Amino acid sequence: MANIAAQRIQREFREVIKSEEVAKCHIKLELKNDEYTELKGEIAGPPDTPYDGGVFQLDIIIPETYPFNPPKVKFITKIWHPNISSVTGAICLDILKDQWAAAMTLRTVLLSLQALLSAAEPDDPQDAVVARQYKEQQSVFRQTAKHWTYIYAKGPHREAELEAKVSQLRGMGFEEHKARVALSTCDWNIQRATDHLIS
Amino acid sequence: MDSEEEMYDESEEEEVSDDDHNMVMEPEVSSTTATYDSQDETYPHEVLSPEMIVQHMIDCIKDVNTIVELPATITRILLNHFKWDKEKLIEKYYDGDQEKLFAEAHIISPSRRGQASGSSNQVSVSSTTRSTRSRAAATGRSADCEICFSTLPTTVMTGLECGHLFCEQCWSMYLTSKILHEGISETISCPAHVCGILVDDATVMRLVRDQRVRLKYQHLITNSFVECNRLLRWCPAADCGRAIRVNYVDSKPVTCTCGHRFCFSCAESWHDPVKCFWLKKWVKKCDDDSETSNWIAANTKECPKCQVTIEKDGGCNHMICRNQSCKADFCWVCLGPWEPHGSSWAALQRYLHYCNRYMNHMQSLKFEHKLYAKIKAKMEEMQKHNMSWIEVQFLKKAVDVLCQCRQTLMFTYVFAFYLKKNNQSIIFEDNQRDLEQATEQLSEYLERDITSDILIDIKQKVQDKFRYCDTRRSVLLAHVHEGYEKELWEYQGSL
Ligand SMILES: [Zn+2]
Ligand SMILES: [Zn+2]
Ligand SMILES: [Zn+2]
Ligand SMILES: [Zn+2]
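Numbers given for residues are sequential positions, taken from 1 along each chain in its written order. Here the convention is simple: chains get letters from A, ligands get numbers from 1, in the order in which they are written. Only residues with pLDDT of at least 70 get local features here, since the model is predicted, and only at 80 or more are side-chain atom pairs given and counted; chain-wide, interface and lining totals rely on the full set of residues. Computation of side-chain values: all heavy atoms of the structure, hydrogens and water removed.

Chemist: Explain the overall build of chain A to me, and be specific about the residues and the numbers.
Modeler: Helix numbers and strand numbers start at the N terminus; a helix is a DSSP run of H or I with at least 4 residues, a strand a run of E with at least 2. Assigned secondary structure in chain A consists of eight helices and four strands. Counted from the first residue to the last, chain A has its helices and strands arranged as α-α-β-β-β-β-α-α-α-α-α-α. Whether a residue is buried, partly exposed or exposed follows from its accessible area with a 1.4 Å probe, protein chains only, as a fraction of its type maximum: under 20%, in between, or over 50%, in that order. Here chain A holds 199 residues, and 51% of them are scored as buried. It only takes one pair of heavy atoms within 4.5 Å for two residues to be counted as in contact. Within chain A, counting contacts between residues at least 6 apart in sequence, those at least 24 apart form 54% of the total. For every accessible area listed, the method is Shrake-Rupley and the probe measures 1.4 Å; residues are considered covered only by the protein chains on display. Taken as a whole, chain A presents about 9,200 Å² of accessible surface, with 49% of it coming from carbon and sulfur.

Chemist: Go over the coordination of the zinc ion (ligand 4), please, and point to the residues and values.
Modeler: Residues and elements named next belong to chain B. Surrounding the zinc ion (ligand 4) are the protein donor atoms C263 (SG), C266 (SG), H271 (NE2) and C276 (SG), at 2.0 to 2.3 Å. With four donor atoms in place around the zinc ion (ligand 4) and angles of 105 to 118° between them, the coordination shape is tetrahedral. Each metal's donors comprise the N, O and S atoms found within 2.8 Å of it (within 3.2 Å for Na, K or Ca). Water is not part of the atom list, so some coordination spheres may appear incomplete. Along the chain, the residues donating to the zinc ion (ligand 4) are arranged with the sequence spacing C-x2-C-x4-H-x4-C. Relative accessible area serves as the criterion here: at 0%, C263 is assigned to the buried category. Sites are called tetrahedral only when four donors show all angles between 85 and 135 degrees, square planar or octahedral only when four or six donors show opposite pairs over 155 degrees and all other angles between 65 and 115, and irregular in any remaining case.

Chemist: Provide a residue-level description of the interface of chain A and chain B, including the pertinent values.
Modeler: Facing 22 residues of chain A, the contacting portion of chain B comprises 19 residues. Two parts lose some accessible area (1.4 Å probe) when they are put together, and adding that loss for both gives the buried area. Between chain A and chain B lies a buried interface of about 1,700 Å² when both sides are counted; carbon and sulfur atoms form 59% of it. Broken down residue by residue, the surface that chain A buries against chain B is led by R11(A), F68(A) and A103(A), which jointly contribute 33%. In what follows, salt bridge is the name for a side-chain nitrogen of Lys or Arg lying within 4 Å of a carboxyl oxygen of Asp or Glu. Our count for the chain A to chain B interface comes out at zero salt bridges. Where the side of chain A that touches chain B is concerned, the elements lending two or more residues are α1 (3-17) and α3 (106-118) of chain A. Per element, the largest residue contribution to the side of chain A that touches chain B is six residues, and it comes from α1(A). Following the grouping adopted for this structure description, the nonpolar residues are Ala, Val, Leu, Ile, Met, Phe, Trp, Tyr, Cys and Pro, the charged ones are Asp, Glu, Lys and Arg, and the polar ones are all others, Gly among them. For the side of chain A that touches chain B, the residue count by class is nine nonpolar, six polar and seven charged.

Chemist: Give me the lowdown on α3(A), citing residues and values where you can.
Modeler: Residue and element names in this part refer to chain A. One fewer than the residue count of a helix, multiplied by 1.5 Å, yields its expected span. Its 13 residues place the ends of α3 19 Å apart at the C-alpha level, agreeing with the 18 Å of an ideal helix rising 1.5 Å per residue. For α3, the buried fraction is high: 10 of the 13 residues fall into the buried class. Taken together, the buried positions of α3 are occupied by L106, R107, T108, V109, L110, S112, L113, Q114, L116 and L117.

Chemist: Can you explain the UniProt feature "active site" (unreviewed entry) in chain A? Please cite residues and give values.
Modeler: Residues and elements named next belong to chain A. Here the UniProt-annotated "active site" (unreviewed entry) positions come out as C92. Mapped onto the elements of the fold, C92 is located in the loop between β4 (72-75) and α3. By relative accessible area, C92 is classed as buried at 9%. Discounting residues that sit within four places of it in the chain, C92 has contacts with N83, K97, L116, D124 and Q126. UniProt positions are given in the numbering used here, feature names are shortened, and annotations may be inferred rather than shown by experiment.

Chemist: Break down the coordination of the zinc ion (ligand 1) for me, with residues and values.
Modeler: Residues and elements named next belong to chain B. At the metal site, the zinc ion (ligand 1) is ligated by C145 (SG), C148 (SG), C167 (SG) and C170 (SG), and these contacts range over 2.3 to 2.4 Å. In this structure, the zinc ion (ligand 1) is surrounded by four donor atoms whose angles at the metal cover 101 to 123°, and the resulting shape is tetrahedral. Binding-site remark: the zinc ion (ligand 1) is held by donors from one chain whose sequence spacing is C-x2-C-x18-C-x2-C. Of this pair, C145 sits in the loop between β2 (142-144) and β3 (151-153) while C170 sits in helix α7 (residues 168-181), and the two are 25 residues apart along the sequence. For the pair shown, C145 and C170 are each scored as buried.

Chemist: I'd like to hear about the sheet that holds strand β1 (residues 27-31) of chain A, residue by residue, with values.
Modeler: Residue and element names in this part refer to chain A. Strand order across the open sheet formed by four strands is β1-β2-β3-β4, with antiparallel pairing between neighbours. The open sheet has two edge strands with one neighbour each: β1 and β4. Pairwise comparison of adjacent strand axes, ignoring direction, gives a mean angle of 25° for this sheet. In this structure, strand β3 (residues 55-61) lies alongside β4, joined through four bridges in antiparallel fashion. At least two bridges found by DSSP between two strands are what make those strands a pair. Fitted lines through C-alpha atoms give the axes, limited to the stretch in contact for helices. The angle between two N-to-C directions lies from 0 to 180 degrees.

Chemist: Before we move on, can you summarise the packing of helix α5 (residues 138-152) of chain A against helix α6 (residues 160-171) of chain A with the specific residues and values?
Modeler: All names here are of chain A. Viewed as axis vectors pointing N to C, α5 and α6 meet at an angle of 75°, and their least axial separation amounts to 10 Å. Considering their axes alone, α5 and α6 lie roughly perpendicular with respect to each other. Between α5 and α6, the residues in contact are Q143, T144, H147 and Y150 and E161, L162, E163 and V166, respectively. When the residues that make up the contact of α5 with α6 are grouped by side-chain class, the tally is three nonpolar, three polar and two charged. An angle counts as roughly parallel when it lies under 35 degrees, as roughly antiparallel when it exceeds 145, as roughly perpendicular when it falls between 65 and 115, and as oblique in every other case.

Chemist: Help me get a handle on the sheet that holds strand β6 (residues 232-234) of chain B, residues and values and all.
Modeler: Residues and elements named next belong to chain B. One open sheet holds the three strands; their spatial order is β1-β7-β6, and the pairing between them is antiparallel. Every interior strand has two partners, whereas the edge strands, β1 (45-48) and β6, have only one. Strand-to-strand, the axes of this sheet are offset by a mean angle of 25°, without reference to chain direction. Judged from the four bridges that link them, β1 and strand β7 (residues 243-246) form a sheet pairing that is antiparallel. The residue of β7 that forms the bridge with V47 is I244.

Chemist: Just give me the short version of the pattern of salt bridges, but keep the residues and values in it.
Modeler: Following the criterion strictly, the structure yields 22 salt bridges over all chains and no others. Note that K28(A) and E42(A) form a salt bridge whose closest N and O atoms lie 4.0 Å from each other. One end of the pair, K28(A), is in strand β1; the other, E42(A), is in strand β2 (residues 38-44), and 14 residues separate them in sequence. Overall, E42(A) belongs to the buried group, its relative accessible area being 16%. The closest approach of N and O atoms between K178(B) and E182(B), which form a salt bridge, is 3.4 Å. Residue E182(B) is classed as partly exposed on the basis of its relative accessible area of 32%.

Chemist: Provide a residue-level description of the pairing of β7(B), including the pertinent values.
Modeler: By the bridge criterion, three bridges tie β6(B) to β7(B) in an arrangement that is antiparallel. Bridge pairing links W234(B) to A243(B) in β7(B).

Chemist: Quick rundown of the packing of helix α3 (residues 50-68) of chain B against helix α5 (residues 86-95) of chain B? Include the residues and the values.
Modeler: In helix packing, the relevant descriptors are the interaxial angle and the interaxial distance, both defined with respect to the helix axes. Residues and elements named next belong to chain B. In the contact formed by α3 and α5, the axes pass within 11 Å of each other and the chain directions differ by 20°. Considered as vectors, α3 and α5 are oriented roughly parallel to each other. You can see that α3 and α5 cross each other, and the crossing is right-handed. Contacts from C60, D63, V64, I67 and V68 in α3 reach K86, L89, I90, Y93 and Y94 in α5. Handedness of a crossing is defined here by the sense of rotation of the near helix relative to the far one, left-handed for an anticlockwise turn of less than a right angle and right-handed for a clockwise turn.

Chemist: With reference to specific residues and values, describe the environment of L476(B).
Modeler: Residues and elements named next belong to chain B. As for its placement among the helices and strands, L476 is situated in helix α15 (residues 455-486). A relative accessible area of 0% places L476 in the buried class. For the pair formed by L476 and D430, sequence separation is 46 residues and the distance between their alpha carbons is 9.2 Å. In this view, L476 contacts P273, T408, T412, F428, N431, Q432 and L435; residues no more than four positions away in its chain are not counted.

Chemist: Please set out the packing of aromatic side chains residue by residue, giving values where relevant.
Modeler: Pairing of aromatic rings covers Phe, Tyr and Trp, the last through its six-membered ring, and needs centres within 6.5 Å; plane angles under 30 degrees mean stacked, over 60 mean edge-to-face, and all others mean tilted. Tallying each qualifying case throughout the model produces 29 aromatic pairs over all chains. Seen in terms of ring centroids, Y51(A) and F56(A) are 5.9 Å apart; in terms of plane orientation they differ by 80°. Their pairing is edge-to-face. Just as Y51(A) is buried, F56(A) falls in that class too. Both rings, one in Y43(B) and one in F264(B), keep their centres 6.4 Å apart while their planes meet at 70°; by these two values the pair is edge-to-face. One end of the pair, Y43(B), is in the loop between α2 (39-42) and β1; the other, F264(B), is in the loop between β9 (261-263) and α10 (276-298), with 221 residues separating them in the sequence.

Here's what the structure looks like:
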């Protein structure tokens, strides 16, 4: 790995460790290897959003050309959000692509992702299904996102009604996560979700 | 030395050699154009060597600078922003909002210059929530570089007019990464977040010391200069590296020093009589259909039913296997049953007809250099038979005409493919057929062995034939051009 990349990550790592955001448990950064090429990030769901109270883990890969090219970041924790793929965790965010600047850091990336959870950009979606729901059925979207946060990110809001629907499909022999995806995709309409799973 | 001067000086030194180069090149150009085509002269153009391209860029910048009086490197960014349209730049510069113009071109306005630089780094770009806070704020004699995160003496911190400072080493690595790995030259911006101010040539030359990277940068800048400039076009011949300069854009032929003759407007080989638009459509069609045609060519002809090898003995593609016990009805081209071949079959058949002829002339043209070599040998032999050098020149001329005729014929098939039948198209097809026959005869004469007995006889025949071909070619082209002027041509297929 290029000298500057490792040097940068070392220093950034130290910076994040002592930052006020870490002190308040808003963000976290862990090294996954000694070469500073792979890291694990963590962000807290921002207040007043369906992600509030959840903890989201991120996979961070540092390219050899860092900081002249952006780090590769994706969500490990499953999340229901228009700009994040509900399947792969891939993120659509300008600063992770062409708007990346060498003077940005992992700290700014984590804070930007937190900002993205507060303010989605449904017109530049990564997940078209989620984006449609976000635009057309805000309340269903919020409920779904809260449910996913509860199930996958240790969130506090149990959506009993939605859970019951997942159980119902499980009772029909469908795998739990698949059932949840189908129901989320079909705005929690059992009939349509079943059709979706069968087709 | 000021680094701005450096970039332009390097090229100016080459100016001396340019002139030499130029002088060597001029006669070459005229010798290649002195053929039977008079059209080249009606479309003035100049061949630029790589050095001349750089010089031309510098001249453009200087021209504008005598009026706008800005640093050369800033003028280059502005010119690039206007696709090297000097008039448009000057018009916008004097008639419009200059501040807006600079902002759109991603440069700091000269009127605001010096305010940001040298002072602190509290430029208002860090106002958005996602941006970094400015860390590089200098504390006494040392400052933090936001790229390498090192605390360094302020003397090694540098930046653009926007005031964002980074250490020289980081700048160098940043620029190298952009130039070498991403191949970017015109659009490298300040590495600060949401800044976008463009890096100028002077900064690149000042901060990048690696000769390889500097050369690549100059190369990228020149390339972008040619590609953006409407009045310039790279010669499409492989490894040529020269560009053609014109005074106005037209779909007319230009001839490069390397000998390649092409259409300035679309960069394809010169394609009279067909228009750029239809040729483009044709090339695309050929690419799309090549799989079909390849399949057809690759398939051996066996009866799809009984596998007896068959020969096609006429124009019709409706085949009936001669094997008495088989007698299968099938299509020659696709080997499928004959039954479903309706109009789509006819369309394919029509396309293949034109495509085969187009390809035939194209293939023959590819052997052009071989023919020239063969003719040269013949000319030498004839000189041994008491003919003077002047007397044998007719052979070279004959090959010139042959090649021109093939080139024209090749594109007449593209023209004809999209042509709707009317009285004029019938005349055109007669002209085409006539020229094609004569051309094939000429080709045959030139292929023939020349013995001393038939020398005089063959000379007369070749001369008569190439003069005829040349005349017929002119007649055909004149007819098509007349048709364009009087709007006699109707097309099939969407425009
Ligand atoms: Zn630095
Ligand atoms: Zn800047
Ligand atoms: Zn050339
Ligand atoms: Zn053209």
